[in-house]
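# What the coordinates show
Here is what each chain is made of, one letter per residue.
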Amino acid sequence: MIFLTGAAGFIGANFVHQWLGQMDEPVLVLDALTYAGNLESLAPVASDPRYHFAQLDICDRPAVAALLAQHRPRALLHFAAESHVDRSIHGPGDFIRTNVQGTFELLEATRAYWAALPAPEKAAF
Ligand SMILES: NC(=O)c1ccc[n+]([C@@H]2O[C@H](COP(=O)([O-])OP(=O)(O)OC[C@H]3O[C@@H](n4cnc5c(N)ncnc54)[C@H](O)[C@@H]3O)[C@@H](O)[C@H]2O)c1
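Description of the structure in this document. The residue numbering used here restarts from 1 in each chain and proceeds along that chain's sequence as written. Local features in this predicted model are restricted to residues of pLDDT 70 or higher, and side-chain atom pairs are both shown and tallied only at a pLDDT of 80 or more, whereas totals for entire chains, interfaces and linings draw on every residue. By convention in this description, side-chain values take in all heavy atoms of the structure and omit both hydrogens and water.

Attention shifts here to the nonpolar core. What tends to happen in soluble globular proteins is that the nonpolar side chains get buried as a cluster. The term nonpolar core refers to a set of buried residues drawn from Ala, Val, Leu, Ile, Met, Phe, Trp, Tyr and Cys, joined through side-chain atoms within 4.5 Å. Note on classification: 1.4 Å probe, protein chains only; a residue is buried when its accessible area is under 20% of the maximum for its type, exposed when over 50%, partly exposed between these limits. Judged by nonpolar contacts, the single largest core of 15 residues is most densely connected at F3, L30, V64, L67 and L68. Counting from the N terminus, the helices are the DSSP runs of H or I reaching at least four residues and the strands are the DSSP runs of E reaching at least two. Those elements that place two or more of their residues in this core are β2 (27–31), α2 (61–71) and α4 (92–115).

This part covers the layout of surface pockets. Think of a 1 Å grid over just the protein atoms. A cavity is a set of points where a 1.4 Å probe fits yet cannot get out, a pocket is an open set with protein on both sides within 12 Å along at least five of seven lines, and lining residues have an atom within 4 Å of a point. Grid points are joined across faces, edges and corners, and a volume is the space filled by probe spheres set on the points. Roughly 390 Å³ of volume is contained in the largest pocket. As for the largest pocket, its lining consists of 23 residues, and the residues nearest its centre are D31, T34, A80, A81 and E82. At the level of elements, α1 (10–22) and α4 are the ones that each hand at least two residues to the lining of the largest pocket. Amino acid classes used here: Ala, Val, Leu, Ile, Met, Phe, Trp, Tyr, Cys and Pro are nonpolar; Asp, Glu, Lys and Arg are charged; the rest, including Gly, are polar. Residue composition of the lining of the largest pocket, by class: 10 nonpolar, 8 polar and 5 charged.

A few words now on the site of the ligand. Each residue is tested against the molecule or strand, and it is near if at least one of its non-hydrogen atoms lies within 4 Å. In the neighbourhood of the ligand, 21 residues make up the surrounding shell, with F10, I11, D31, D57 and S83 lying closest. Polar contact is the term for a pair of N or O atoms within 3.5 Å; when the atoms are in protein, one must be able to donate a hydrogen and the other to accept it, and sequence-neighboring residues count only if both atoms are side-chain atoms. Interatomic distance of 2.7 Å between a backbone N/O atom of I11 and an oxygen atom of the ligand. Measuring from a nitrogen atom of the ligand, one finds a backbone N or O atom of I58 at 3.0 Å. Coverage of the ligand by the protein amounts to 71% of the 840 Å² it exposes when considered alone. Breaking the shell around the ligand down by element, the ones donating at least two residues are α1 and β2. Of the residues assigned to the shell around the ligand, the class counts are 12 nonpolar, 7 polar and 2 charged. All accessible-area figures derive from a Shrake-Rupley calculation using a 1.4 Å probe, and residue coverage is judged against the displayed protein chains alone.

What follows concerns α1. Between its terminal C-alpha atoms α1 stretches 19 Å, which fits the 18 Å expected from 13 residues at 1.5 Å a residue. By the burial criterion, the buried members of α1 are G12, A13, V16, W19 and L20. The buried residues of α1 all sit within an arc of 130° when viewed along its axis, so they share a single face. Exposed residues on α1 whose side chains face more than 90 degrees from its buried face are F10, I11, G21 and Q22. The contact rule is simple, with two residues in contact once any of their heavy atoms fall within 4.5 Å. Where the residues of α1 are buried, they touch β1 (2–5), β2 and β3 (51–55). To estimate the expected span of a helix, subtract one from its residue number and multiply by 1.5 Å. Arc definition: directions from the helix axis to the C-beta atoms.

Here it is in structure tokens:
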């Protein structure tokens with residue numbers, strides 16, 4: 001299984017469709033569903049048994065850690081972001097929170113998960 005953040009966004013949703021169209025491996029996806037997230041873009045794969053969705057904020061390290069422990073992915077792709085440049089001028093705080101703090105929390109949760117993996121899984125992550 002691979003783990004992907006920001007799946008309801010432009011890049012993430014397109015990645016999920018391409019992944020499930022080409023690979024047998026399941027995908028665990030996370031998205032906070034902000035104004036930028038559109039769950040409709042994932043509707044065509046919602047009933048696919050290889051697809052697992054969690055509505056979560058990447059800033060919530062304990063919740064991300066619990067998700068990692070439950071699903072035990074072998075890779076992480078991080079697409080969750082505040083991405084609209086005009087909004088960064090009018091509301092920069094959200095950008096710092098998600099893009100800086102959120103990325104840090106996600107990486108720390110992932111690092112702790114990775115550190116506890118058995119050697120072969122750790123080497124392959
Ligand atoms: N769109 C492009 O052409 C493009 C090109 C190059 C790089 N990128 C980069 O790829 C990444 C994704 O871009 P995009 O266009 O898909 O963005 P987007 O705004 O379409 O999607 C971002 C997604 O992240 C989610 N999100 C926001 N904050 C979150 C949080 N705190 N926790 C969990 N989910 C959260 C949103 O709900 C949304 O679904 C960004 O880093 C962007 O800079 C995009």
